[in-house]
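Results of the structural survey
What follows is each chain in one-letter form.
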Amino acid sequence: MILSYRGRLSGMHEFTSELEDLAERALTYSLERLKDDPPLDGPRSAHDLFAEVGNTISAEGMGGLKALEVFTDVLARACISTDHPRNLAYIPSAPSEHANLFDLVVGASALYGGSWQEGAGAVFAENQALRWVADLAGLPESAGGVFAQGGTVGNLSALVVARAEARKRWPETVSWAVLCSKEAHSSISSAANVMDVEVVLVEPNESGRLTGEAVAREIDAFHASGSTRIFAVVATAGTTNLGIIDELATVGTAAHERDIWFHVDGAYGLAALCAPSARPKFIGVEKADSLIVDPHKWLFAPFDACALIYRNPELARAVHTQNASYLDALHHDDSWNPSDYAINLTRRTRGLPFWFSLAANGTDAYAEAVEKTLEMAQIAAQKIREHPRLELLRDPDLSVVSFTRPGWQKDDYKNWSDSLLDDGIGFVPASSHKGQSILRFAIVNPWTKISDIDQILATL
Ligand SMILES: *Cc1c(COP(=O)(O)O)cnc(C)c1O
């Protein structure tokens, strides 16, 4: 008699009646988390957590029900909800209901997203979502890429391709540099560090933008002063700290006139390409040789997903494809393997929750949701202008609203921010700009209402 292959196993690979019960509870918890207002919650020390849950790993295991309870009752509550409407820290997240729900489906499906051979259907769907982004950016039909782990890996993967191209063009050059604004994201210097290349930091203009004029001047001066060559110019489309968009058109031209790769880091800001009111701010993005945008930031997808798109993905494929005898079967035709376009091989089909939500809700819903957050940022800015003790740092380009409380020192900001979280009101850590402490609201959540902004401002 042939036993079911499941019948011969014991324990953790069997779907027992006990597991049925556990599944019910796990799904109920998940659905409640989706439906209800998220709790803000907050961090606890490892010491404190250990005192409550002890060592959770043992030879015999504690059982699923107990482990779930440890998570839901203790551990989950020690994690700040990134989708809370008054979590305006760093760049938070606000996955749509559809995207989160579909993440459950992805989790249950053991999908492999590295190759067309194993994940054709999923990769097909991810590619349509990437296409939507590429079209918004005005990239050609040939453009394509991959959902990488995050903006950091996306930027690094793109810059590695940029350097490979430069090496072809200037084979004698041995040392390389990437040029970006002083306001560029820390992941650019991190990438440069991994690649062992220099970073040329350019001062932005008085409105905080990197300009083509400054880029042209710096490149020419840099090349005149030594043998290190600039292989890529990075413009930021929405800086993380203040939401500033560099002058994409002039910066792109300055790079291209010198045969240099133009990369646009839009991890946060390029999401606003889908909002008609913001679209003109991104003129020039269509010149990009590569770009990134993180759907987990402002396109309502769960962590973690960075859309990395190349104008000419063939160049990326030549650089990132891993070759080995055990991978030969993947490369027998020219099918699209996502692992060939970034520093990754095995990958979760992390673009699928984004695809599902986009397919289900339609792109108009995205435009509307992003417009709503842009509008809320303008309202918040106005409330800060009118606030007796606060000073708006600049008119927001996008949905980051930055401001100060004149007279406050670094510690005052920190103490205020700590109490805001301790009191369960919101999460707004201090940042700094030009050596001065600042506060910033990063509004990416359509659930953030005027009353939420008011509630936070009332504590200032
Ligand atoms: C967040 C951010 C990154 C890094 O993205 P991760 O997904 O956090 O790795 C890069 N660039 C900019 C402009 C960002 O805002």
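Keep in mind it's a predicted model, so treat the numbers as computed, not measured.

A separate point is the pattern of salt bridges. Evaluated as defined, the whole model comprises 22 salt bridges. Across the pair Arg 86 and Asp 452 runs a salt bridge whose closest N-O atoms are separated by 2.7 Å. Of the two residues, Arg 86 sits in the loop between helix H3 (64–75) and helix H4 (97–108) while Asp 452 sits in helix H15 (residues 450–457), which places them 366 residues apart along the sequence. For Arg 86, a relative accessible area of 13% corresponds to the buried category. Arg 258 is the salt-bridge partner of Glu 257, the closest N and O atoms lying 3.7 Å from each other. Overall, the relative accessible area of 59% leaves Glu 257 in the exposed class. When salt bridges that share partners are traced, they join Arg 44, Asp 48 and Glu 52 into one network.

This next bit is on the domain arrangement of the protein chain. Once the domains are mapped, the protein chain shows domain 1 (6–79), domain 2 (104–362) and domain 3 (364–457). Here the C-alpha centroids of domain 2 and domain 3 sit 28 Å apart. Tallying the contact residues gives 32 residues for domain 2 and 24 residues for domain 3. Interface of domain 2 and domain 3: buried area, both sides summed, is about 2,100 Å²; carbon and sulfur atoms make up 58% of it. Contact with domain 3 buries surface across domain 2, with Leu 242, Trp 298 and Phe 300 losing the most and accounting together for 31% of the total.

What follows concerns the nonpolar core. Membership of the largest hydrophobic core comes to 96 residues, with the highest contact counts inside it found for Phe 231, Phe 282, Leu 291, Trp 298 and Phe 354. When residues of this core are assigned to their parent elements, the largest contribution, 7 residues, is made by helix H6 (residues 151–169). Residue-level mapping places this core at the junction of two domains, with at least three residues from each of domain 2 (104–362) and domain 3 (364–457). Discounting residues that sit within four places of it in the chain, Trp 298 has contacts with Tyr 268, Gly 269, Ala 271, Ala 272, Val 370, Thr 373, Leu 374, Leu 398, Ser 399, Ile 443 and Val 444. Met 376, Ala 381, Trp 416 and Ile 456 belong to the second-largest nonpolar core, a separate cluster that totals 22 residues.

The next thing to look at is the site of the ligand. In the region of the ligand, 15 residues are neighbours, and Gly 151, Thr 152, Asp 265, Asp 294 and Lys 297 sit closest. Contact between the ligand and Thr 152: an oxygen atom at 2.7 Å from a side-chain N or O atom of the residue. One of the side-chain N or O atoms of Asp 294 is found 2.6 Å from an oxygen atom in the ligand. If the ligand stood free it would expose 380 Å²; the protein chains cover 86% of that surface. Element by element, the count of residues in the shell around the ligand is highest for H6, at 3 residues.

The rules behind these values
Residues numbered from 1 in each chain as written. Predicted model: local features only at pLDDT ≥ 70, side-chain atom pairs only at ≥ 80, totals over all residues. Heavy atoms only, no water. Salt bridge = Lys/Arg side-chain N within 4 Å of Asp/Glu carboxyl O. Helix = DSSP H or I, 4+ residues; strand = E, 2+ residues; numbered from the N terminus. Buried < 20%, exposed > 50% of the residue type's maximum accessible area, 1.4 Å probe, protein only. Domains from an automatic or database assignment. Contact = heavy atoms within 4.5 Å. Buried area = accessible area lost by both parts, 1.4 Å probe. Core = buried A, V, L, I, M, F, W, Y, C linked by side-chain atoms within 4.5 Å. Near = heavy atom within 4 Å. Polar contact = N/O pair within 3.5 Å; in protein donor to acceptor, adjacent residues only side chain to side chain. Areas by Shrake-Rupley, 256 points an atom, 1.4 Å probe, with all protein chains shown as cover.

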